[in-house]
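Residue-level structural notes
The lines below spell out each chain.
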Amino acid sequence: MKYAYYPGCSADSTARDQYMSVNEVALALNIELIELKGWTCCGSTPAHHTDKNLSIALPAANLLMAKKTGFDMVVFCAACYNRMKVANHEIQTSPEIRREIAATLGEDYDGSVKVRHFVEVLLKDIGAKKLQDAFSHSLDGLKVASYYGCLLVRPHDITQFDDPENPVLIDNLVTIMGGESVDWPNKVECCGGGFALSRTDIVIELSDSILNMAKVSGAQCMAVACPMCQINLDMRQNDINKTKNRDYNLPVVYITQLLGLCLGVSPKKLGMDKSVVSPKPIIELVKTAE
Amino acid sequence: MAIVISKEKVRADLTTEVQKISGIDIRSCLQCKKCSNGCPVTGLTKVHPSDIIRGLQLNERDKLFNCDLVWMCASCETCFERCPMKINMAAVMDALRIIAVRNNASRQKGNVALFNKLFLRTVRMFGRTYDIGMIAAYKLGTSSYLQDTDKFPMMLLKGKIALTPSFKADKKYTNRIFARNQDRINS
């Protein structure tokens, strides 16, 4: 199976671990991710804060590159995924916007490239059966809080990822790996996202309530599918412990890192040494559970 | 209590401008407050999403320009998802931020507008973001030198942040995009 792969800017930097683990999982499952040559930034939140044309043209440039490959586009970063889907939607529904974007890019783009999240590819194109057959290890009852955040599931009319209030795709992957996906209410709450630098106070408040609920629900770790959620929930735990007098020590890993472990990939190749809160207990547990 | 809304107020400039930029008809709001109840930052702000729509309906220009929520909204889109009238509140907030920047409205805590500008500047320069360059410029601009200084050595050591920018982007399209939007972006 071949896809055009859009890693997104964080893959070069703060989400190197996400990039590594997606590649390892794809390799193990014979999924061919062909990285879009010369891909550029989707503009993320700063673009839609600033100008509508900019916020559509930046992702559209990459969609146009993907269109030329003839393959569906696979994305992992939730923000990139959302911006790509919004751009497609705007271009498809408004001839005026399509004309404007064509004038901006110097080429017409019709909004037709299918944008898929890697989790969707795993569950819908590969399927539970094939995944199970490929696993050499299991999560052995590990209690996982599956966390989706905002941008994968909202707005549902545009992203069409999963149920916007109670998504289950990541939970399904956890169950397939032999883990126990905990029932908890903060799956789609916001972590503060792009405020990581500018409004850390907001990130601390919002991430605190998410971590608190994950802990209360008995989770031994959180599984995420968004680089911003990962860095906010992982790197800010120490700050939250200090400012709000908590004692969090909850590993926050990418769902692809858990999949990689079950596929027998070494933790180092999955970038698991890059997390701030050590995921060592998970690694030990999976290692012994064949 | 009867609220009288004059025609002038309904058709007044800010509301028209927001509707033009966002493409959203704010008159359809029922004030059911589902947006405010679902908003993750309402506990931290004075003004709630439903107040924003009400303010627009009444054209309370100054109040909206100076309200904290405009720059505290995390664009999580819970408001839009749950709105029974399908009002894209997130797009309304984008429009308010765009108008606020255009009018040099007061700089709020955290200076999100500066962050946006610097983020886009690195995208214009490299075709992709460059975290360290952006963070350094933001710290200079906001005098927040000491914030998170403990984290950078650790992040660099773990390879959790890139030291140098990426030069792999093909800037064919981004150059065109930024050139065409020059006057509106101001980065």
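Residues numbered from 1 in each chain as written. Chains lettered and ligands numbered in written order. Predicted model: local features only at pLDDT ≥ 70, side-chain atom pairs only at ≥ 80, totals over all residues.

Turning to the sheet that holds strand β4 (residues 115-117) of chain A, a few remarks are in order. Backbone hydrogen bonds are what pair the strands of a sheet, in a parallel or an antiparallel way. Residues and elements named next belong to chain A. Here we have four strands laid out as an open sheet, ordered β2-β1-β3-β4, and parallel in their pairing. With one partner strand each, in any of the chains shown, β2 (32-35) and β4 form the two edges of the open sheet. Within the sheet, the average angular offset between the axes of one strand and its neighbour, ignoring direction, is 40°. Where strand β1 (residues 2-6) lies against β2, four bridges are found, and the strand directions are parallel. Bridging from a neighbouring strand, K2 pairs with E32 of β2. Sheet strands touched by helix α3 (residues 52-69): β1, β2 and β3 (73-75). Its angle to β1, the strand with the most contacts, is close to 160°. Where helix α4 (residues 78-93) meets the sheet, it contacts β1, β3 and β4, and its direction lies at approximately 155° from that of β4. (Pairing = 2+ DSSP bridges. Helix = DSSP H or I, 4+ residues; strand = E, 2+ residues; numbered from the N terminus. Axes fitted to C-alpha atoms, helices over the stretch in contact; angles between N-to-C directions. Contact = placed C-beta atoms within 7 Å.)

This part covers the domain arrangement of chain A. Residue and element names in this part refer to chain A. Entries for chain A in the domain assignment read domain 1 (2-117) and domain 2 (137-288). In this structure, domain 1 and domain 2 have C-alpha centres spaced 24 Å apart. Each partner contributes to the interface: domain 1 provides 24 residues, whereas domain 2 provides 25 residues. Elements represented by at least two residues in the side of domain 1 that touches domain 2 include exactly α1 (16-28), α2 (44-50) and α4. The dominant element in the side of domain 1 that touches domain 2, judged by the number of residues it contributes, is α1, at nine residues. Taken together, the residues that form the side of domain 1 that touches domain 2 break down as eleven nonpolar, nine polar and four charged. (Domains from an automatic or database assignment. Nonpolar A, V, L, I, M, F, W, Y, C, P; charged D, E, K, R; others polar.)

Take the interface of chain B and chain A next. The partner chain A presents 46 residues to the 48 residues of chain B that form the contact. Secondary structure elements with two or more residues in the side of chain B that touches chain A: α7 (78-82), α8 (89-102), α9 (112-126), α10 (131-142), α11 (151-158) and α12 (172-185) of chain B. No other element matches α12(B), which puts eight residues into the side of chain B that touches chain A. Class assignment for the residues of the side of chain B that touches chain A results in 22 nonpolar, eleven polar and 15 charged.

With that settled, consider the packing of α3(A) against α12(B). One can describe the packing of α3(A) onto α12(B) by two numbers: an axis separation of 10 Å at closest approach and a directional angle of 175°. The orientation of α3(A) relative to α12(B) falls into the category roughly antiparallel. Between α3(A) and α12(B), the contacting residues are A:N53, A:L54, A:A57, A:L58 and A:A61 on the first element and B:Y173, B:T174, B:I177, B:N181 and B:I185 on the second. Looking at the contact of α3(A) with α12(B) residue by residue, the class counts come to seven nonpolar, three polar and no charged. (Parallel < 35°, antiparallel > 145°, perpendicular 65-115°, else oblique.)

This paragraph deals with the domain arrangement of chain B. What the domain assignment reports for chain B is domain 1 (8-102) and domain 2 (112-185). Between domain 1 of chain B and domain 2 of chain B, the C-alpha centre-to-centre distance is 29 Å.

This part is about unusual backbone geometry. A negative phi angle is the norm for most residues apart from glycine, just as the trans form is the norm for most peptide bonds. A cis amide bond links A:R154 with the next residue in sequence, A:P155, at an omega value of -10°. By secondary structure assignment, the location of A:P155 is in the loop between β5 (143-146) and α8 (156-159). For A:N245, which is not glycine, the phi dihedral falls at a positive 55°. One can find A:N245 in the loop between α12 (237-244) and β8 (252-254). Here A:N245 falls in the exposed class, since 7 other C-beta atoms lie within 10 Å of it. Positive phi, normally seen in glycine, also occurs at B:K86, with a value near 55°. Counting through the fold element by element, B:K86 comes out in the loop between α7 and α8. (Buried ≥ 20, exposed ≤ 12 C-beta atoms within 10 Å, placed from the backbone.)

Residue and element names in this part refer to chain B. Looking at where P165 falls in the secondary structure, it is placed in the loop between α11 and α12. By the C-beta count within 10 Å, which is 20 here, P165 ends up buried. For the pair P165 and G127, spaced 38 residues apart in sequence, the C-alpha to C-alpha distance is 9.8 Å. Ignoring sequence-local partners within four residues, the contact set of P165 consists of F126, Y130 and G133.

For the rest of this paragraph, the subject is the sheet that holds strand β7 (residues 221-224) of chain A. Residue and element names in this part refer to chain A. In space, the four strands of this open sheet follow the order β6-β5-β7-β8, with parallel pairing throughout. Either end of the sheet is taken by a strand with one partner, and the two such strands are β6 (180-181) and β8. Sheet topology note: the β7/β8 ladder contains three bridges and is parallel. Looking across to β8, one finds that M222 is bridged to V252. Here helix α13 (residues 255-262) sits on the sheet in contact with β7 and β8, set at roughly 70° to β8.

This brings us to the nonpolar core. All names here are of chain A. Ranked by size, the top nonpolar core spans 154 residues in total, and within it A60, A223 and A225 carry the most contacts. The biggest single contributor to this core is α3, with ten residues. Among all residues touching A223, those that are not within four sequence positions of it are V144, S146, Y147, I170, V174, V253, I255 and L258. (Core = buried A, V, L, I, M, F, W, Y, C linked by C-beta atoms within 7 Å.)

Here α12(B) spans 18 Å end to end across 14 residues, near enough to the 20 Å set by a 1.5 Å rise per residue. A maximum bend of about 40° is found in α12(B) at B:A179. When α12(B) is considered as a whole, its buried residues turn out to be B:Y173, B:T174, B:I177, B:F178, B:N181 and B:I185. Where the residues of α12(B) are buried, they touch α2, α3 and α5 (95-105) of chain A together with α9 of chain B. (Expected span 1.5 Å × (residues − 1). Bend = angle between axes of the 7 residues up to and from the residue.)

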